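This is what each chain is made of:
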Amino acid sequence: MRILISTILIFLSLGIVKAQEIYPDEELVQFSGMVLDGTTEQLLPLPYTNIYIKESNRGTYSDFKGFFSMVAKKGDIVEFSAVGYKTVEFVIPDTLEDNRFSMVQLMTQDTINLPEAVVFPWPSRDHTRLDFLAMDVTPVLQQKAMENLMSEKILMMTNELPMDADENADYYLRKQATDYYYIGQTPPMQIFSPLAWKNFFDAWKRGDFKKK
């Protein structure tokens, strides 16, 4: 029994030593920062940027404000990629003396110029011009066009139309980025938010909580 216990303790100690050799505490750093769009002068935040450590299965996303934070190792090669932007690589310095490292990563747009494509409902530009000049717009069509351009009808159509693919993808990525950002942390409670209390009192004054 003593031999068995001694053998288990030896294997456990070897495993701890091996883990410390692979991931020593001195090599781990809290890597955080901001991802900004460097194409514009305002340096706007770039949300949902993929931040991936090469040769590993670790990575994260930047949140809606472009902020990110993750655990990395000194000397890791970090890859920043986003749709419509050039992929950028950054090497975390292996000479850091602190276990924290912050940076601001600028991303430039990857623009691809496509040849111009002009679509006409008629065979050629001349046919389109002739038919447009010969168009007889009756008062009924004018009235219908004015009704379709009314702000009330446009607002009603906007509320009734379902979200398209881009809006659904944006909603999903925003929710996913929020979930990733709060992994291992306690989400903020709205009870401590002054804006939430203001909205509550405004709704109370409007009578939104009264039974109808």
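A brief look at the structure comes next. Predicted, not measured: the structure shown is a model, and the values here were computed from it.

1. Considering the nonpolar core
Most often, soluble globular proteins keep nonpolar side chains buried together rather than apart. Core analysis: the largest hydrophobic core is formed by 18 residues, its most contacted members being Phe-31, Val-35, Ile-51, Phe-68, Val-78, Phe-80 and Ile-92. For this core, the elements supplying multiple residues, two or more each, are strand E1 (28-37), strand E2 (50-53), strand E4 (67-73), strand E5 (77-81) and strand E7 (100-107). In this view, Val-78 contacts Phe-31, Ile-51, Tyr-52, Ile-53, Val-88, Glu-89, Phe-90 and Ile-92; residues no more than four positions away in its chain are not counted.

2. Some details on the sheet that holds strand E6 (residues 88-91)
What the four strands build is an open sheet, ordered E3-E2-E5-E6; its pairing is antiparallel. Each edge of the sheet is formed by a strand with only one pairing partner; in this case those strands are strand E3 (59-61) and E6. For this sheet the average axis-to-axis angle between neighbouring strands, irrespective of direction, equals 20°. As paired elements, E2 and E3 share three bridges and run antiparallel to each other. For Tyr-52, the partnering residue across the bridge sits in E3 and is Gly-59.

3. Observations regarding the packing of aromatic side chains
Evaluation of the coordinates by the stated rule reveals ten aromatic pairs. Seen in terms of ring centroids, Phe-31 and Phe-101 are 6.1 Å apart; in terms of plane orientation they differ by 15°. Their pairing is stacked. Of this pair, Phe-31 sits in strand E1 while Phe-101 sits in strand E7; the two residues are 70 residues apart in sequence, bridging distant segments of the chain. For the pair Phe-31 and Phe-101, one class covers both residues: buried. Taken together, a centroid distance of 6.4 Å and an interplanar angle of 50° make the contact between Tyr-48 and Phe-64 tilted. Within this pair, whereas Tyr-48 is found in the loop between E1 and E2, its partner Phe-64 is found in the loop between E3 and E4, the two being separated by 16 residues in sequence. Given the relative accessible area of 12%, Tyr-48 is considered buried.

How each quantity is defined
- Just so you know, the residues in each chain are numbered from 1, in the order the chain's sequence is written.
- Residues qualify for local features only when their pLDDT is at least 70, as the model is predicted, and side-chain atom pairs are given and counted only at 80 or more; totals for whole chains, interfaces and linings, by contrast, use all residues.
- The basis for every side-chain value is the complete set of non-hydrogen atoms in the structure, without hydrogens or water.
- To form a nonpolar core, buried Ala, Val, Leu, Ile, Met, Phe, Trp, Tyr and Cys residues must be joined to one another through side-chain atoms within 4.5 Å.
- Here's how the labels work: a residue is buried when its accessible area is under 20% of the maximum for its type, exposed when over 50%, partly exposed in between, all with a 1.4 Å probe on protein chains only.
- Counting from the N terminus, the helices are DSSP H or I runs at least four residues long and the strands are E runs at least two residues long.
- Contacts are assigned to residue pairs with any non-hydrogen atoms lying within 4.5 Å of each other.
- Pairing between strands requires that DSSP locate at least two bridges from one strand to the other.
- Axes here refer to lines fitted to C-alpha atoms; in helices the fit is confined to the stretch in contact. Angles between the N-to-C directions go from 0 to 180 degrees.
- A pair of Phe, Tyr and Trp rings is counted when the ring centres sit within 6.5 Å of each other, with Trp represented by its six-membered ring. The angle between the planes then sorts it: under 30 degrees is stacked, over 60 is edge-to-face, the rest tilted.

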